[in-house]
Amino acid sequence: MIEDFHGKTAVITGAGSGFGLECARIGAQRGMNLVLADVQQDALDAAAAEMQAAGAQVLAQRVDVSDAQQMEQLAAAVQQRFGAPHLVFNNAGVGAGGLVWENTVADWEWVLGVNLWGVVHGVRLFTPLMLAAAAKDPAWRGHIVNTASMAGLLNPPNMGIYNVSKHAVVSLSETLYQDLSLVTEQIGASVLCPYFVATGINASERNRPGALAAGQPTKSQLIGQAMIGRAVSSGKVSAADVAAKVFAAVAANQFYIYSHPQALGPVQTRLEDVLQARNPTDAFADKPELGAQLRAQLRGV
């Protein structure tokens, strides 16, 4: 729980766009020192310039969050410039879809590298710094927010690789919350589970490293990209709306953060499937026409 953000330090990955950029804007408004990390240099430069113009002290560093050494260098730079961060937003993420058996090794390594390992590195590197600061000052407070997705609580078809990465982030975050509660009352944790929000993640292929270059997209991947693109573009909740929810949750020590609480119905259905040991409910039970369309496209009917 952080009640007063002024003068505190925030580390934000994926800070060049989407939730990260909007959280940086709120942090600047509230007088925070900002550590901005992103893999896209031009977006990072623009974000840093904007936050400095707003009066924030800024440390901007180009980072591939999947790279342990780069993340270690980031943590060292943060400690040297600002000391232990009070708010860590492990937010960088990429999207990929398609039938789960069609994903290549490069697909898996890229998505899990950013979406899961990026969070792992943020947790393993910054938590010890925060714990050390808390041990020295009983009044010190910190909070870690990890970006997952509603896909971390559900298993929508044709996007398995993304689901796997986000389920892992939910599990990691819940365990982090429990582990922190064993050792301190001074550091909290949250998991952000957004639904369809325009953030730029559906264009994340632009930042895919050459070593993990994508092959020719399969039919299912093209269909998935089109469906997600339509869903994201039709969303009414903005990234700025979600960023405001993040700060409210940190101030209230609220663990689960939802962009669309009305989308929790399918989560309840899934949990009932688990508890009753029944086969998974059709993901399109409430939108049968969408399911029929997807099946027809995939089967070439």
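How each quantity is defined
Residues numbered from 1 in each chain as written. Predicted model: local features only at pLDDT ≥ 70, side-chain atom pairs only at ≥ 80, totals over all residues. Heavy atoms only, no water. 1 Å grid on protein atoms, 1.4 Å probe; cavity = no way out; pocket = protein on both sides within 12 Å on 5 of 7 lines; lining within 4 Å. Points joined across faces, edges and corners; volume = space filled by probe spheres on them. Helix = DSSP H or I, 4+ residues; strand = E, 2+ residues; numbered from the N terminus. Nonpolar A, V, L, I, M, F, W, Y, C, P; charged D, E, K, R; others polar. Domains from an automatic or database assignment. Contact = heavy atoms within 4.5 Å. Buried area = accessible area lost by both parts, 1.4 Å probe. Salt bridge = Lys/Arg side-chain N within 4 Å of Asp/Glu carboxyl O. Polar contact = N/O pair within 3.5 Å; in protein donor to acceptor, adjacent residues only side chain to side chain.

**Overview of empty space enclosed by the protein**
Following the criterion strictly, the structure yields one cavity of 30 Å³ or more and no others. Lining the largest cavity are Thr13, Val65, Asn90, Asn91, Ala92, Val114, Gly118 and Val119. Sort the elements by how many residues they give to the lining of the largest cavity and helix α4 (residues 105–136) lands first, with three residues. Residues of the lining of the largest cavity, tallied by class, amount to four nonpolar, four polar and no charged.

**Looking at the domain arrangement of the protein chain**
Domain assignment breaks the protein chain into domain 1 (9–262) and domain 2 (264–300). Just the C-alpha atoms count here: the centres of domain 1 and domain 2 sit 27 Å apart. Contact with domain 1, which involves 17 residues of that partner, is made by 13 residues of domain 2. In total, domain 1 and domain 2 occlude about 1,200 Å² of area from one another, counting both sides; carbon and sulfur atoms represent 71% of this. For domain 1, the biggest contributors to the area lost against domain 2 are Leu154, Ile223 and Met227; these three give 33% of the whole. Linking domain 1 with domain 2 are zero salt bridges. At the junction of domain 1 and domain 2, the tally comes to three residue pairs in polar contact (both at pLDDT 80 or more). The biggest single contributor to the side of domain 1 that touches domain 2 is helix α6 (residues 219–233), with five residues. Residue composition of the side of domain 1 that touches domain 2, grouped by class: nine nonpolar, six polar and two charged.

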